[in-house]
Amino acid sequence: MRWVLFLALFFLPALGQEGPPPDLSPEVFRIARELRCPVCQGESAAESNSGVAVEMRRIIAEMLQEGKTEEEIKAFFVDRYGEWILYNPPRRGVTLWAWVLPAVALILLALGLFAYFRPKKVPKELLEEAERRLKEP
Amino acid sequence: MRAWLWILLVVALGGLFFWGMQRNPKDLPSVLAKERRPAPDFALPVLPPYRAEWGETFRLSDHLGKRPIILNFWASWCYPACYEEAPVLEAAWRTYKERVLFLGVNTQDKEPEALKFIAQFGLTFPQLFDPRGRVGVDYGMYGVPETFFIDGEGRVLARHAGAIDQATLEKYLKEALP
C-alpha cells in the first residue's frame, strides 16, 4: 500500500502535465509534435514556448478550423521552411536511407550471428579419432 | 580479402563522420532564396513614428518590383545581435535611400519596448509591427535578427541570419542593385 502511495506521488504530477493547455485542441499538439521548432535544438513545435513555436501552434489551430487536413498543414510549413521542418524524414530520395538502413543492419546482424553460431559439421576422421581414443584404456 | 573489407568499412564510416563534423549546423537553408521565389506579400501596421510618411498600414506588394527591398526582422529583446546591426542598417539606409527601400519588421515584441529601441538608434527607415510573428513564418524565419534581400523584380535574392555587418550588407546590395 505504501508503495502504491509512493509511486502515485511520483507519477500523478506527470499525468497532471499531460495534455495541452485548454485553449488549443489535442489535435493541434499532435500535428505540432511532428514539426520542428525553428529556433530550438531538439524540440518540437508542441513542446517549445518560444514565440515562433507558439505562433506555429496558432497557425495549425487556425488551419484546422478552416477545415485543412494534416497533410495540407504540413505542406504549408514545408513550403516555407523546407523538409527540414519535418521531424520524420520523408520516405523517398536520400532520406529514404534513414528508414531502410536500420532494417538492413538488423538483417545483416542476424545473418552474421546465424553464421557464427551455426552448428559446424565435424570431419569424419576427427570423430573416428575421438571414438578410438575414448575406447583406449 | 576480408580484412580489406573491414578497413574499407571503417574508412567509409570515418569519412562520413568527418564530413558530418565539417558541416555547419547554423547553416540553415532558405527555401525562398534558393528557389528565388517572389517575396511573400503581407500587410502590417506601421509603428506610430512612421505613420505620417508611410500611412497606417504597409502593404509589401505596393512596393515590390519597383526597387530592391531589404527586409529586416528584429526585436528589442534580441540582444546583442539586433543592437549590433541597427546602426549598420541605419547608416546604409541613409546612403542608399534613393535606390533601395529598407524595411524593419519588429517581431514578437511589445510596442513600448520597440519604440524605445527605435529611439535609441534613431532609426529613420519604416518600421512595421508584427507582435505574433506571422510574417516571419511566411518567410521561413528561424530567429531574429534575419535580413532578406528582395531584388528589383520582387524576388527573394538572399537571406542573412544573425547580425549583419557593413561588408556583407554592401555585398548583397551590389547584387540586388542593377
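Preceding block: the structure.
Here is what the cut-offs are and how they apply
Residues numbered from 1 in each chain as written. Chains lettered and ligands numbered in written order. Predicted model: local features only at pLDDT ≥ 70, side-chain atom pairs only at ≥ 80, totals over all residues. Helix = DSSP H or I, 4+ residues; strand = E, 2+ residues; numbered from the N terminus. Rg over C-alpha atoms; globule rule 2.2 N^0.38 Å. Buried ≥ 20, exposed ≤ 12 C-beta atoms within 10 Å, placed from the backbone. Contact = placed C-beta atoms within 7 Å. Pairing = 2+ DSSP bridges. Axes fitted to C-alpha atoms, helices over the stretch in contact; angles between N-to-C directions. Nonpolar A, V, L, I, M, F, W, Y, C, P; charged D, E, K, R; others polar. Arc of directions from axis to C-beta.

Participant: Where do I start with the overall build of chain B in this structure?
Facilitator: The secondary structure content of chain B amounts to seven helices and seven strands. Secondary structure of chain B in N-to-C order comes out as α-α-β-α-β-β-α-β-α-β-α-β-β-α. Over its C-alpha atoms chain B spans a radius of gyration of 20 Å, topping by over 25% the 16 Å that the globule rule assigns to 178 residues. Taken along its principal axes, the extent of the C-alpha atoms in chain B is 80 × 35 × 30 Å. When each of the 178 residues of chain B is scored for burial, the buried share is 35%. Of the contacts formed within chain B by residues at least 6 apart in sequence, a portion of 71% connects residues at least 24 apart.

Participant: Sorry if this is basic, but what is going on with the pairing of strand β6 (residues 146–150) of chain B here?
Facilitator: All names here are of chain B. Burial analysis of β6 places five of its five residues in the buried class, which makes it a mostly covered element. Side chains of β6 alternate between two faces, with Glu146, Phe148 and Ile150 and Thr147 and Phe149 buried alike. Sheet topology note: the strand β3 (residues 69–74)/β6 ladder contains five bridges and is antiparallel. By the bridge assignment, Phe73 is partnered in β6 with Glu146. In this sheet, strand β7 (residues 156–161) lies alongside β6 in antiparallel orientation, the contact comprising five bridges. The partner of Phe149 across the bridge, within β7, is Ala158.

Participant: Looking at this structure, I do not really get the environment of Pro45 of chain B. What am I missing?
Facilitator: Residue and element names in this part refer to chain B. Tracing the backbone through its elements, the reader meets Pro45 in strand β1 (residues 43–45). C-beta crowding within 10 Å serves as the criterion here: with 15 such atoms nearby, Pro45 is assigned to the partly exposed category. C-alpha of Pro45 to C-alpha of Gly55: the two residues are 10 residues apart in sequence and 8.7 Å apart in space. With sequence-adjacent residues up to four places away left out, Pro45 is seen in contact with Glu56, Thr57, Leu128 and Phe129.

Participant: Just checking my understanding: could you explain the sheet that holds β3 of chain B for this structure?
Facilitator: All names here are of chain B. Strand order in the open sheet formed by five strands is β5-β4-β3-β6-β7, with mixed pairing between adjacent strands. The sheet is open, and its two borders are formed by β5 (127–130) and β7, each paired with just one other strand. Strand-to-strand twist of the sheet, defined as the mean angle between neighbouring strand axes without regard to direction, takes the value 20°. Packed on one face of the sheet, helix α7 (residues 166–176) meets β6 and β7 and runs near 175° to β7.

Participant: Can you help me understand the interface of chain A and chain B in this one?
Facilitator: Frequently, the measure chosen for interface size is the accessible area removed from exposure when the parts meet. Contact residues are listed per partner, giving 11 residues for chain A and 12 residues for chain B. For the side of chain A that touches chain B, the elements supplying multiple residues, two or more each, are α3 (51–65) and α4 (70–81) of chain A. Along the lines of polarity and charge, the residues of the side of chain A that touches chain B split into seven nonpolar, two polar and two charged.

Participant: Where do I start with unusual backbone geometry in this structure?
Facilitator: Glycine aside, residues mostly have negative phi, and peptide bonds are mostly found in the trans state. Residues and elements named next belong to chain B. The step from Tyr79 to Pro80 runs through a cis peptide bond, and the omega angle for that step is 5°. A cis geometry characterises the amide bond from Val144 onward to Pro145, with omega recorded as -5°. Along the chain, the position of Pro145 falls in the loop between α6 (134–138) and β6. Unlike most non-glycine residues, Arg36 shows phi in positive territory, near 50°. Along the chain, the position of Arg36 falls in the loop between α2 (31–34) and β1. By C-beta crowding, Arg36 is classed as exposed, having 12 other C-beta atoms within 10 Å. The residue Gln108 is not glycine, and still its phi comes out positive at about 50°. In this structure, Gln108 sits in the loop between β4 (101–107) and α5 (111–121).

Participant: Please explain α5 of chain B as it appears in this structure.
Facilitator: Structurally, the α-helix is built with 3.6 residues per turn, so residues lying three or four positions apart point the same way. Residues and elements named next belong to chain B. Within the sequence span of α5, burial applies to Ala114, Phe117 and Ile118. Down the axis of α5, the buried set is contained in an arc of 100°. They therefore lie on one face. Along α5, exposed side chains directed more than 90 degrees from the buried face belong to Pro112, Lys116, Ala119 and Gln120. On its buried face, α5 is in contact with β4 and β5. Phi turns positive one or two residues past the end of α5, at Gly122, with a value near 55°.

Remember, this is a structural readout, not a statement about activity or role.
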